[in-house]
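# Descriptive structure summary
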Amino acid sequence: MVNEGFVSIIVPVYNLELYISQCLESIITQTYENVEIIVVNDGSTDNSDEIIQQYQKKDCRIKYFERDNHGVSESRNFALSNATGNYVVFVDGDDWLEKDMIAKLMNYWNYELVVCSYNRRYENNSNPKVFDIEGNCSGAKFHRRLIGLKDEELHDPSNADSFGTTWGKLYVREVIESNQINFVSLKEIGTAEDVLFNIEYSTYIDKCYIINEPLYNYRKINSSSLTSTHKNNLFELWRNLYSIIYNKYVKENTELKSAFYNRVCLSIFGLGLNELQSQKTHKDKIKRIKGILNNELYLSAYKELQLKYFPIHWKIFFFFAKIRFVTGVYIMLKGINYFVNRNK
């Protein structure tokens, strides 16, 4: 059975003059044409506005809104309030889609959530993400996975947020609207607004479908991206994030507690890399990481962490974190960061 449902594609934009053309071109040339394209310019100060207007003249399906700068969460919420489609797809303005992405997502329109894999696009190479889950998946299993990894899943910590993004997914707008799901401001939680949105959304669904094929292209060379800039208060903001997750989803569900604690444990990697990008001295960076590992939440989480599931290099890294050998954690972070950047 074929469904010709109307899809709202939401694109927030902030200073993306180098990338927005490729993004919009990949959307207007989709093989699935029954779409509206909602572009929200979040106060760009470059030539993004001019480029978007050119595309609006080219394709009448583009609905263009200009706003003062509020942030990506606020832009997505604004776009949702103006969406009219049966389904919703989010696209970041510096990324692009394979030409049949929407069509392939819509092949599974009868699921409440459809997920596809993605290519991580670096300047010199591309690295496709291979999911460890595919096909039918219950809403409860997907919800737990978003809370955190468990047991054998810890073998690959890079999967911690592989399903966390809102791009690369097809949502049912009625589920979003009827349950008043929206994006929390980054001013409150720092990052991971996508993860929080998906955790909330997954509480209201019975089933989802996972396509283990990279149909979305995630650009990893945008220097203004959240993942490439230092945030001085990221630890404090993530504590707010974890407080929301724990109090709203975990506190009354003990089955989710170990997954939540594992999420907290794994976060030392992201927090540590964030510290490496600061302008502080090595001594101050180590002191900052020590403060994180001695936080009450982290102490509780590491007490429960089972190291046996990790491969040897991650086992050593998280063993150092578990015993609070901060210098060891710092040295390994430096090594991993060097290796990752060298292979981009």
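Presented here is a report on the structure given in the accompanying data block. (Residues numbered from 1 in each chain as written. Predicted model: local features only at pLDDT ≥ 70, side-chain atom pairs only at ≥ 80, totals over all residues. Heavy atoms only, no water.)

Our focus in this paragraph is helix α10 (residues 257-276). Two residues of an α-helix separated by three or four positions point the same way, owing to the 3.6 residues in each turn. With 20 residues, α10 extends 30 Å from end C-alpha to end C-alpha; this agrees with the ideal 28 Å at 1.5 Å per step. Within α10, the axis deviates most sharply at L266, by approximately 30°. The buried count for α10 comes to 16 of 20 residues, which makes it a mostly enclosed element. (Helix = DSSP H or I, 4+ residues; strand = E, 2+ residues; numbered from the N terminus. Expected span 1.5 Å × (residues − 1). Bend = angle between axes of the 7 residues up to and from the residue. Buried < 20%, exposed > 50% of the residue type's maximum accessible area, 1.4 Å probe, protein only.)

Turning to the nonpolar core, a few remarks are in order. Membership of the largest hydrophobic core comes to 113 residues, with the highest contact counts inside it found for V7, V11, I245 and F318. Broken down by element, this core gets its largest block of residues, ten residues, from α10. With sequence-adjacent residues up to four places away left out, V7 is seen in contact with Y32, N34, V35, E36, Y87, V89, I102, M106 and L170. (Core = buried A, V, L, I, M, F, W, Y, C linked by side-chain atoms within 4.5 Å. Contact = heavy atoms within 4.5 Å.)

Let us look at the side chain of R263. Considering the arrangement of structural elements, one finds R263 in helix α10. Note on R263: relative accessible area 11%, which makes it buried. A distance of 2.8 Å separates a polar side-chain atom of R263 from the backbone oxygen of I147. (Polar contact = N/O pair within 3.5 Å; in protein donor to acceptor, adjacent residues only side chain to side chain.)

Counted under the stated rule, the structure contains 18 salt bridges. A salt bridge links R288 to E275, with the shortest nitrogen-to-oxygen separation between them at 3.3 Å. Pair noted here: R288 is in helix α11 (residues 282-293) and E275 is in helix α10, with a separation of 13 residues, a long-range link. Within this structure, R76, D92, E193 and D194 form a network of salt bridges that share partners. (Salt bridge = Lys/Arg side-chain N within 4 Å of Asp/Glu carboxyl O.)

On to the pairing of strand β4 (residues 87-90). Both faces of β4 are covered, namely the face carrying Y87 and V89 and the face carrying V88 and F90. Where strand β1 (residues 7-13) meets β4, four bridges bridge the pair, whose relative direction is parallel. In the strand pairing of β4, I10 is matched with F90. Here β4 runs beside strand β9 (residues 169-172); their pairing, made up of two bridges, is antiparallel. What sits directly across from V88, in β9, is Y171. (Pairing = 2+ DSSP bridges.)

Okay, the environment of P157 next. Among the structural elements, P157 can be located in the loop between α5 (139-147) and β9. C-alpha separation for the pair P157 and R263, spaced 106 residues apart in sequence, amounts to 9.5 Å. For P157, the contacting residues outside a window of four places in its chain are L149, L266, F310, W314 and F318.

This part takes up the packing of α5 against helix α8 (residues 193-202). The interhelical angle for the contact between α5 and α8, taken along N-to-C directions, is 155°, at an axis separation of 9 Å. Classified by the interaxial angle, the pair formed by α5 and α8 is roughly antiparallel. The crossing of α5 and α8 is left-handed. Facing G139, F142, H143, L146 and I147 of α5, the residues of α8 in contact are V195, N198, I199 and S202. Grouping the amino acids of the contact of α5 with α8 by side-chain chemistry returns five nonpolar, four polar and no charged. (Axes fitted to C-alpha atoms, helices over the stretch in contact; angles between N-to-C directions. Parallel < 35°, antiparallel > 145°, perpendicular 65-115°, else oblique. Left-handed = near helix turned anticlockwise from the far one by under 90°. Nonpolar A, V, L, I, M, F, W, Y, C, P; charged D, E, K, R; others polar.)

What follows covers helix α9 (residues 234-250). Among the residues of α9, those classed as buried are L234, F235, L237, W238, L241, Y242, I245, Y249 and V250. End-on, the buried residues of α9 take up no more than an arc of 155°, which puts them together on one face. Those residues of α9 that are buried lie in contact with α5, α7 (186-189), α8, α10, α11 and α12 (296-304). (Arc of directions from axis to C-beta.)

Take it as geometry only, folks, not as evidence of what the structure does.
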